[in-house]
Amino acid sequence: QVQLVESGGGLVQAGGSLRLSCAASGRIFSINVMGWYRQAPGKQRELVATISNGGSTNYGDSVKGRFTISRDNAKNLVYLQMNSLKPEDTADYYCNARVTTLIFRTGDYWGQGTQVTVSS
């Protein structure tokens, strides 16, 4: 079993900042890509950012230049620093990880989500 637990969401005014964290735990052999996705009410889930175990990053167009993803490979942690937040960033944010377990099965795992609300 693999668990992903997010933290750091909340309410912030437009222009403010938040930092999300996600901790992966369980029967983990290795983690390839970790990332953040978000889903606003009535919309499809969309990519926010991903980061490989080598540090290569990819960002959704709407967050480029404002959000920064990072990870701590030794601790199986991934972070999302969100700056210059806008009301349209309001969504539930989900952590994702592509994990190879101790029995060498690889799959995508998701956290339960953390809510981010940006007021205007």
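Note that the structure is a prediction, hence the values are computed from the model and not measured. (Residues numbered from 1 in each chain as written. Predicted model: local features only at pLDDT ≥ 70, side-chain atom pairs only at ≥ 80, totals over all residues. Heavy atoms only, no water.)

**Remarks on the sheet that holds strand β8 (residues 77-82)**
Heads up, the condition is: Only strands that DSSP links by at least two bridges are regarded as paired with each other. Per the convention used, a helix needs a DSSP run of H or I reaching at least four residues, while a strand needs a run of E reaching at least two, with both numbered from the N terminus. Axes here refer to lines fitted to C-alpha atoms; in helices the fit is confined to the stretch in contact. Angles between the N-to-C directions go from 0 to 180 degrees.
Read from one edge of the open sheet, four strands run β1-β3-β8-β7, paired in antiparallel fashion. Lying at the two open borders of the sheet, with one neighbouring strand each, are β1 (2-7) and β7 (67-72). In this sheet, adjacent strand axes meet at a mean angle of 15° when their direction is disregarded. Pairing between strand β3 (residues 18-26) and β8: six bridges, direction antiparallel. Bridging from a neighbouring strand, Cys22 pairs with Val78 of β8.

**Remarks on the state of the cysteines**
The condition is simple: The definition used for a disulfide is geometric: two cysteine sulfur atoms within 2.5 Å.
This structure, assessed with the given rule, holds one disulfide. In this model Cys22 forms its disulfide with Cys95; the gap between the sulfur atoms is 2.1 Å. Between Cys22 and Cys95 the disulfide shows an S-S torsion of about -85°. By sign, it is left-handed. Of this pair, Cys22 sits in strand β3 while Cys95 sits in strand β9 (residues 91-101), and the two are 73 residues apart along the sequence.

**Details of the side chain of Ser52**
Formally: Any two residues whose heavy atoms approach within 4.5 Å are treated as being in contact.
With respect to the helices and strands, the residue Ser52 is situated in the loop between β5 (46-51) and β6 (57-59). If we ignore the near neighbours within four places in the chain, the residues touching Ser52 are Asn32, Val33 and Arg71.

**Examining the pairing of strand β11 (residues 114-119)**
Applicable threshold: Relative accessibility thresholds used throughout: buried, under 20% of the residue-type maximum; exposed, over 50%; partly exposed, between the two (1.4 Å probe, protein chains only).
Residues Thr114, Val116 and Val118 line the buried face of β11, whereas the alternating positions Gln115, Thr117 and Ser119 sit on a face that is not buried. Here four bridges tie strand β2 (residues 10-13) to β11, and the two strands are oriented parallel to one another. Residue pairing for β11: Gln13 is matched across the bridge by Ser119. As judged from the three bridges shared by β9 and β11, these two strands associate in the antiparallel manner. Within the sheet, the bridge partner assigned to Tyr93 lies in β11 and is Thr114.

**Some points on the nonpolar core**
Just so we agree on the cut-off: Side-chain atoms within 4.5 Å link the members of a nonpolar core, which is a set of buried Ala, Val, Leu, Ile, Met, Phe, Trp, Tyr and Cys residues.
Ranked by size, the top nonpolar core spans 29 residues in total, and within it Trp36, Leu80, Met82 and Tyr93 carry the most contacts. At the level of elements, β1, β3, β4 (28-39), β5, β7, β8, β9 and β11 are the ones that each hand at least two residues to this core. The leading source of residues in this core is β9, at five residues. Setting aside anything within four residues of it in sequence, one finds Tyr93 in contact with Glu6, Leu20, Trp36, Tyr37, Arg38, Val48, Phe67, Leu80, Met82, Gly113, Thr114 and Val116.

**Brief notes about the environment of Asp89**
The criterion, for reference: Here a polar contact is taken to be a pair of N or O atoms separated by no more than 3.5 Å, where protein atoms must pair a possible hydrogen donor with a possible acceptor and residues adjacent in sequence count only if both atoms sit in side chains.
Relative to the elements of secondary structure, Asp89 occurs in the loop between β8 and β9. Separated by 69 residues in sequence, Asp89 and Leu20 place their C-alpha atoms 13 Å apart. Setting aside its immediate chain neighbours within four residues, Asp89 contacts Arg38, Arg66, Phe67, Ser84, Val116 and Val118. A polar contact of 2.8 Å, which involves the side chain of Asp89, links it to the backbone nitrogen of Lys86.

**Quick look at a nonpolar patch on the surface**
Here is the rule we go by: A patch consists of residues whose relative accessible area exceeds 30% and which take part in no salt bridge; residues with like charges are grouped when within 9 Å of each other, and nonpolar side chains (Val, Leu, Ile, Met, Phe, Trp, Tyr) when within 5 Å. Each accessible area is a Shrake-Rupley result for a 1.4 Å probe, and residues are judged covered by the shown protein chains and nothing else. Between Lys or Arg on one side and Asp or Glu on the other, a salt bridge is scored when a side-chain nitrogen of the former is within 4 Å of a carboxyl oxygen of the latter.
On the surface, Phe29, Leu102 and Phe104 cluster together into a nonpolar patch covering about 340 Å² of accessible area. Looking at where Leu102 falls in the secondary structure, it is placed in the loop between β9 and β10 (106-110).

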